[in-house]
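Structural overview
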Amino acid sequence: MKKIAFFPGSFDPFTKGHHDIVMRGLTIFDEIIIGIGHNANKVRYFPIEKMTTWIEQTFEGKPVKVVSYNDLTANIAKQMNADFILRGLRNTTDFEYENSIAQVNRYLVEGMETVFLITSPHLAPISSTIIRDLHRYGTNIDDFIPYNLD
Ligand code: ADP
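Before going into details, it helps to say that this report is about the structure given with it. Bear in mind that the values here come from a model prediction, so they are computed numbers and not experimental data.

**Some points on the environment of F46**
The topology assignment puts F46 in the loop between β2 (31-37) and α2 (48-58). Residue F46 is classed as buried on the basis of its relative accessible area of 5%. C-alpha of F46 to C-alpha of D12: the two residues are 34 residues apart in sequence and 5.9 Å apart in space. The contact partners of F46, leaving out residues within four places of it in the chain, are D12, P13, M51, W54, R132, H135, I141 and L149.

Rendered as structure tokens:
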């Protein structure tokens, strides 16, 4: 059976840290579905349509799909036939949060396992929040993202 993982996040923007998790995830899973969580009450910095295109271009030719969703992560993962949720762990703060979320996801969908990959050390300081701030105040962010902004 095909091993499909759902990689959820805000991806505002998708960074080289996220890219690293997907590339390493592809050595474990047959297919990865990147799910851009979309909260109607939250205004994004980078539009979801643009981010979808940029991520699709980044993984062209690889077994990676991009979807956007507005639902509970476990439910959408199940709908997509994914048996695994993939997440990256940078530090203990990530761990505290991820621990609870993983328990809830397994409560919602029986057998839904969350697989964590520890961030590659050189990418650990990269966060979407910081990159958004750099961009907002005019700094070039090309070193932190795996695609060209256009
Ligand atoms: P969320 O809003 O769900 O935290 P993010 O887009 O910030 O979404 O992150 C999605 C996933 O990627 C999370 O599991 C997060 O821990 C992980 N992640 C974020 N930045 C990095 C990084 N630099 N290296 C590895 N994983 C990361």
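So much for the structure itself; the text now carries on.
**Topic: the nonpolar core**
The biggest cluster of nonpolar side chains holds 27 residues, and the ones touching the most others in it are F7, F14 and I34. Those elements that provide at least two residues to this core are β1 (4-9), α1 (16-25), β2, α2, β3 (64-69) and β4 (84-89). Here the element with the most residues in this core is α2; it accounts for four residues. When near neighbours in sequence (up to four residues on either side) are disregarded, I34 contacts F7, F11, F14, V22, I55, F59, V64, K65, V66 and V67.

**Here's the deal with the site of the ligand**
Around the ligand sit 16 residues in total, of which S10, F11, G88, L123 and I126 are the nearest. Between the ligand and F11 there is a distance of 2.9 Å, counted from an oxygen atom to a backbone nitrogen or oxygen. A distance of 3.4 Å separates an oxygen atom of the ligand from a polar side-chain atom of D94. In the complex, the protein chains occlude 86% of the 560 Å² of accessible area that the ligand would expose alone. Of the residues contributing to the shell around the ligand, the split by class is six nonpolar, six polar and four charged.

**Re the packing of aromatic side chains**
Under the defined criterion, the tally for this structure stands at eight aromatic pairs. With a centroid separation of 5.8 Å and an interplanar angle of 85°, the aromatic rings of F14 and F59 are classed as edge-to-face. You can see F14 sitting in the loop between β1 and α1 and its partner F59 sitting in the loop between α2 and β3, a full 45 residues away along the chain. Geometrically, the ring pair formed by F29 and F84 is tilted, given 5.3 Å between the ring centres and 45° between the ring planes. One end of the pair, F29, is in the loop between α1 and β2; the other, F84, is in strand β4, with 55 residues separating them in the sequence. Assigned by exposure class, F29 and F84 land together as buried. Among the aromatic side chains, those forming a connected cluster through ring pairs are F7, F11, F14 and F59.

**Structural notes on the pattern of salt bridges**
Tallied over the entire structure, the rule returns seven salt bridges. A salt bridge links D12 to R44; the nearest nitrogen and oxygen atoms lie 3.7 Å apart. With D12 in the loop between β1 and α1 and R44 in the loop between β2 and α2, this residue pair connects regions lying 32 residues apart in the sequence. Both residues of the pair, D12 and R44, count as buried. One salt bridge in this structure joins E98 and R87, with 2.7 Å as the shortest N-O distance. In this pair, E98 sits in helix α4 (residues 92-108) while R87 sits in strand β4, placing the two residues eleven residues apart along the sequence. One exposure class covers both E98 and R87, and it is buried. Where salt bridges share partners, they join K2, E31 and K65 into one cluster.

The rules we used
- Residues numbered from 1 in each chain as written.
- Predicted model: local features only at pLDDT ≥ 70, side-chain atom pairs only at ≥ 80, totals over all residues.
- Heavy atoms only, no water.
- Helix = DSSP H or I, 4+ residues; strand = E, 2+ residues; numbered from the N terminus.
- Buried < 20%, exposed > 50% of the residue type's maximum accessible area, 1.4 Å probe, protein only.
- Contact = heavy atoms within 4.5 Å.
- Core = buried A, V, L, I, M, F, W, Y, C linked by side-chain atoms within 4.5 Å.
- Near = heavy atom within 4 Å.
- Polar contact = N/O pair within 3.5 Å; in protein donor to acceptor, adjacent residues only side chain to side chain.
- Areas by Shrake-Rupley, 256 points an atom, 1.4 Å probe, with all protein chains shown as cover.
- Nonpolar A, V, L, I, M, F, W, Y, C, P; charged D, E, K, R; others polar.
- Phe/Tyr/Trp six-rings, centres within 6.5 Å; stacked < 30°, edge-to-face > 60°.
- Salt bridge = Lys/Arg side-chain N within 4 Å of Asp/Glu carboxyl O.

Purely spatial values, then, with no claim about function.
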